[in-house]
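Okay, here's what each chain looks like letter by letter:
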Amino acid sequence: MLTVQTKSGIIINYEDTGDRTAPVIILIMGLGAQLTVWPDELYLGLVAKGFRVIRFDNRDAGLSSQLDQFGSPNLFKIWLSKRLPIKTHIPYTLDDMASDVLELMAALKIKKAHLVGASMGGMIAQLIAAKNKKKVLSLTSIMSSSGKPKLSASSLKLFLQLAKHRPRQFSRDSAIHYNIKLNQLIGSPAYPQNEQALRKQATLGVDRAHNPQGFNRQLAAIAASDCRQHLMPKINVRTLVIHGSLDPVMPVAAGKQTAQQIRKSKLKIVNGMGHDFPPALMAKMTKWISKHVKKAEQKHAQKKNKP
């Protein structure tokens, strides 16, 4: 197991594969998800395309630091505090999580990297690209958003459905069952995965690490975050926005809006994709990201060679 410790004492667990002299791609995962949610076909596929690829567990997920000392935040109070003059305690912010990525890069002596973020990971990648421009060579934002979290009718329905299946007390079986239901509800209608495959993924995830309170603290960081739309014009690297047409968590409009706000962006809407990584699409997604990163590398090389 590979780990680094940040200045704030956070232990970050990571995997680092590929030629150490190759261009670096850092994969930043979403809410409550472990590094293993990045499909091996995508992760190792990018390595096979000639890149050094790093995936890691965010704080409060997987095998990275579990910040249980902060307890479970009051999400409703945090939501109110963004609209009313109410003081509330937030364990950490998305900016703190962005700092974790930068400290991981520093520990591994990586000066610049191509960032690929999914969902919450896309938000973190956006923050880094906007505020630490010299560290980022390209950005890929997948199923993410640049705006404040919004509770649409479809997302409210999704949360209500999930609430029915959320276990009141932890057991291995209940956690696996909930994970299966979650992925069935947010998955891609055009690329459904059978229950056997979902059960295998859920079992591997629960047996590796299980931290529902960490999920709530990450959710609090998202809920407390400011709208990033004013930062998007500051992103000046080549950007690829990938979004599913049937995403029930982040509506496709969020992807379109993100792409509109970043000048050097290209939007790829994937018909029938939801809020997951369907195995049937991973070869294509690997190709899209690889092509995008290689073009950014060419541009960077041209800049360096200018007299």
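Shown above is the structure to which this text applies.
Nothing here was measured: the structure is a model prediction, and the numbers come from that model.

Calculation rules
- Residues numbered from 1 in each chain as written.
- Predicted model: local features only at pLDDT ≥ 70, side-chain atom pairs only at ≥ 80, totals over all residues.
- Heavy atoms only, no water.
- Helix = DSSP H or I, 4+ residues; strand = E, 2+ residues; numbered from the N terminus.
- Buried < 20%, exposed > 50% of the residue type's maximum accessible area, 1.4 Å probe, protein only.
- Expected span 1.5 Å × (residues − 1).
- Contact = heavy atoms within 4.5 Å.
- Pairing = 2+ DSSP bridges.
- Axes fitted to C-alpha atoms, helices over the stretch in contact; angles between N-to-C directions.
- Parallel < 35°, antiparallel > 145°, perpendicular 65-115°, else oblique.
- Left-handed = near helix turned anticlockwise from the far one by under 90°.
- Phe/Tyr/Trp six-rings, centres within 6.5 Å; stacked < 30°, edge-to-face > 60°.
- Lys NZ or Arg CZ within 6 Å of the ring centre and 35° of its normal.

(A) Representation of the side chain of T258 in the model. Note that T258 resides in helix α9 (residues 252–261). Judged by its relative accessible area of 1%, T258 falls in the buried class.

(B) Expanded view of helix α10 (residues 282–305). The first and last C-alpha atoms of α10 sit 34 Å apart over 24 residues, in line with the 34 Å expected at 1.5 Å per residue. Of the positions making up α10, those classed as buried are M282, M285, T286, I289, S290, H292, V293 and A296. Each element contacted by the buried residues of α10 is listed here: β3 (24–28), α1 (40–48), β5 (113–118), β6 (136–142) and β7 (238–244).

(C) Fine view of helix α6 (residues 172–186). The end-to-end C-alpha separation of α6 is 21 Å, in line with the 21 Å expected for 15 residues at 1.5 Å each. Residues of α6 that are buried: S174, A175, I176, Y178, I180 and I186.

(D) Focus on the environment of K256. Among the structural elements, K256 can be located in helix α9. For K256, a relative accessible area of 37% puts it in the partly exposed group. It is 7.0 Å that separates the C-alpha atoms of K256 and L267, two residues lying eleven residues apart in sequence. Not counting chain neighbours up to four residues away, the residues in contact with K256 comprise L267 and I269.

(E) Examining the pairing of strand β2 (residues 11–17) more closely. Strand direction decides the pairing type here: strand β1 (residues 2–5) and β2, joined by four bridges, are antiparallel. Residue pairing across strands places Q5 opposite I11, the latter belonging to β2. Linking β1 to β2, which pair antiparallel, is a turn of five residues; within it G9 sits at a positive phi near 95 degrees. As defined by bridge partners, β2 adjoins strand β4 (residues 52–56) across four bridges and the pair is classed as antiparallel. Paired with E15 across the two strands is R55, which belongs to β4.

(F) View of the packing of α6 against helix α7 (residues 195–208). The geometry of α6 relative to α7 is characterised by a closest axis approach of 9 Å and an angle of 130 degrees between their N-to-C directions. Taken together, the axis directions place α6 and α7 in an arrangement best described as oblique. α6 and α7 meet at a crossing whose hand is right-handed. Residues R172, A175, I176, N179, I180, N183 and Q184 of α6 form the contact with α7, whose participating residues are E195, L198, R199, A202, T203, V206 and D207.

(G) Expanded view of the packing of aromatic side chains. Scanning all chains against the criterion turns up one aromatic pair. A ring pair is formed by W38 and F277, whose centres lie 5.2 Å apart and whose planes are at 45 degrees; its orientation type is tilted. Taken as a pair, W38 in the loop between β3 and α1 and F277 in the loop between β8 (265–270) and α10 lie far apart in primary sequence, 239 residues in all. For the cation-ring pair, R55 lies above Y43, with the distance from its terminal atom to the ring centre recorded as 3.9 Å. Between the NZ or CZ atom of R59 and the centre of the ring of Y92, over which it lies, the distance is 4.9 Å.

(H) The arrangement of the sheet that holds β2 in detail. Strand order across the open sheet formed by eight strands is β1-β2-β4-β3-β5-β6-β7-β8, with mixed pairing between neighbours. Two strands in the sheet have a free side with no partner beyond their single neighbour: β1 and β8. Across this sheet, the average inter-strand angle for adjacent strands is 20 degrees, counted without regard to direction. Its contacts with the sheet place α9 against β7 and β8, and it is angled at close to 170 degrees to β7.

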